Amino acid sequence: MIISLESLLTIASIFFGASWGSFLNVVISRVPEGLSVVSPPSRCPKCGNGIKFYDNIPILSWLILRGKCRNCKTGISIQYPIIELLGALMGLALYKEFDISFEYFYYFVFVFGGIALAYIDLKTWLVPMPIVIIMSTIGFIAPLLFFIVDVPFYISLKESVFGFFLGGGIISFIILFYKYVRKMDALGWGDAYVLAMIGLFIGNKGVLVTLFLATLQASVIGIGMILINKKSTVPYDDVKDNDPIKNKAALPFVPFLIIGSFEFLFFGEKLINWYLNFMKSIT
Ligand SMILES: [Zn+2]
């Protein structure tokens, strides 16, 4: 049997994504607690039994062990295989989009870091700055290096830097406008840092499309939440102590920014072409 290089790389990218998906599970459970992501090695939270390498195969181990610790049979959250599966899919999607290239690894950092930020914000209302800073540094350095050596890169240095200031600037403006003009909190500074970071990776056009898609999708979900359960919706400005966790109506915005930026990264050109054709057809 002859396996083509293409299918070999496809399998490798799926496995690569799933393995980093495993690491993502460590990041999203430890970073909000301020714990190291390197040590100690993974262990069962209940019995403390160290997880052996053969029980740590992405997705498969969870299925083989039927979601239970080998030692004490305590249930292991389905979050683990789901994040690993998401990692596998993203590894594959990135390979289809960028082949094996510098861009593949650059956007790998963006996609996996983005999933971590989205998940942590969704669960804890926190935007961990160390992750944003690491991502922003890589997001800026790669286009800078390619600019210096004068080799074309997926995102140009100009677009990247412009995207950074545009993304940070728009959200800062929204925050300040709502704070001083409407006397309420609309978004947090974490959202501004995240959209600035997104701008480094996908540029100014990407920032605008991301913000549009994020707002649209957050509105749909927000309206859905109001329709399903009116009681759990409190307008943001009714929260006196400004504790977003007590404010069930407020939605964390980072997950929507991340989803919007992924949609732009993978479907951007198709989306823009579709929109332009749509506008042409109605005018
Ligand atoms: Zn156990």
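No experiment lies behind these values; they were computed from the predicted model shown.

J.: Could you give an account of unusual backbone geometry, naming the residues involved and the relevant values?
T.: A cis amide bond, omega -5°, links serine 39 with the succeeding residue proline 40. Among the structural elements, proline 40 can be located in the loop between helix H1 (5-30) and helix H2 (60-64). Of note in the backbone geometry, isoleucine 59 takes a positive phi value of approximately 60° without being a glycine. Considering the arrangement of structural elements, one finds isoleucine 59 in the loop between H1 and H2. With a phi angle near 55°, aspartate 99 is a residue other than glycine that sits in the positive phi range. Along the polypeptide, aspartate 99 turns up in the loop between helix H3 (79-98) and helix H4 (102-124).

J.: Describe helix H6 (residues 157-180), naming the residues involved and giving the relevant values.
T.: When the terminal C-alpha atoms of H6 are compared, their 34 Å separation across 24 residues agrees well with the 34 Å that a helix rising 1.5 Å per residue should span. Among all positions in H6, only Glu159, Ser160, Gly163, Phe164, Leu166, Gly167, Gly168 and Ile171 are buried. Elements in contact with the buried residues of H6: helix H5 (129-148) and helix H7 (189-228).

J.: Got a sec to walk through the environment of cysteine 72? Specific residues and values, please.
T.: Residue position: cysteine 72 is located in the loop between H2 and H3. Considered as a pair, cysteine 72 and glycine 48 are 24 residues apart in the sequence and their alpha carbons are 9.4 Å apart. In contact with cysteine 72, other than residues within four places in its own chain, are Cys44, Lys46, Cys47 and Asn49.

J.: Quick rundown of H1? Include the residues and the values.
T.: For H1, which comprises 26 residues, the first-to-last C-alpha distance of 37 Å matches the rise-based estimate of 38 Å (1.5 Å per residue) to within 8%. If you check which residues of H1 are buried, you get Ser13, Phe16, Gly17, Ala18, Trp20, Gly21, Leu24, Asn25, Val27, Ile28 and Ser29. Contact partners of the buried residues in H1: H3 and H4.

J.: Mind laying out the packing of H4 against helix H8 (residues 254-282), listing which residues take part and the relevant values?
T.: Interhelical geometry of H4 versus H8 gives an angle of 155° and a closest axis separation of 8 Å. Judged by the inter-axis angle, H4 sits roughly antiparallel to H8. Handedness of the crossing formed by H4 with H8: left-handed. Taken together, the residues of H8 that come into contact with H4 (itself represented by Tyr107, Val111, Gly114, Leu117, Ala118, Asp121 and Leu122) are Val254, Pro255, Ile258, Ser261, Phe262 and Leu265. Split into classes, the residues belonging to the contact of H4 with H8 amount to ten nonpolar, two polar and one charged.

J.: Account for the nonpolar core, with residues named and values stated.
T.: Ala116, Val194, Leu195 and Leu257 are the most contacted members of the largest nonpolar core, which has 54 residues in total. Of all the secondary-structure elements, those providing two or more residues to this core are H1, H3, H4, H5, H6, H7 and H8. Top contributing element to this core by residue count: H7, with 15 residues. Of the residues that make up this core, three or more belong to each of domain 1 (1-100) and domain 2 (102-283). With sequence-adjacent residues up to four places away left out, leucine 257 is seen in contact with Asp191, Val194, Leu195, Ile198, Thr210 and Ala214.

J.: Describe the domain arrangement of the chain, listing the residues and the values that go with them.
T.: Under the domain assignment used here, the chain contains domain 1 (1-100) and domain 2 (102-283). Computed over C-alpha atoms only, the centres of domain 1 and domain 2 are separated by 26 Å. On the side of domain 2, 15 residues touch domain 1, which itself brings 15 residues to the contact. Where the side of domain 1 that touches domain 2 is concerned, the elements lending two or more residues are H1 and H3. Considering each element in turn, the side of domain 1 that touches domain 2 owes the most residues, seven residues, to H3. Looking at the side of domain 1 that touches domain 2 residue by residue, the classes come out as 13 nonpolar, no polar and two charged.

Criteria and cut-off values
- Residues numbered from 1 in each chain as written.
- Predicted model: local features only at pLDDT ≥ 70, side-chain atom pairs only at ≥ 80, totals over all residues.
- Helix = DSSP H or I, 4+ residues; strand = E, 2+ residues; numbered from the N terminus.
- Expected span 1.5 Å × (residues − 1).
- Buried ≥ 20, exposed ≤ 12 C-beta atoms within 10 Å, placed from the backbone.
- Contact = placed C-beta atoms within 7 Å.
- Axes fitted to C-alpha atoms, helices over the stretch in contact; angles between N-to-C directions.
- Parallel < 35°, antiparallel > 145°, perpendicular 65-115°, else oblique.
- Left-handed = near helix turned anticlockwise from the far one by under 90°.
- Nonpolar A, V, L, I, M, F, W, Y, C, P; charged D, E, K, R; others polar.
- Core = buried A, V, L, I, M, F, W, Y, C linked by C-beta atoms within 7 Å.
- Domains from an automatic or database assignment.

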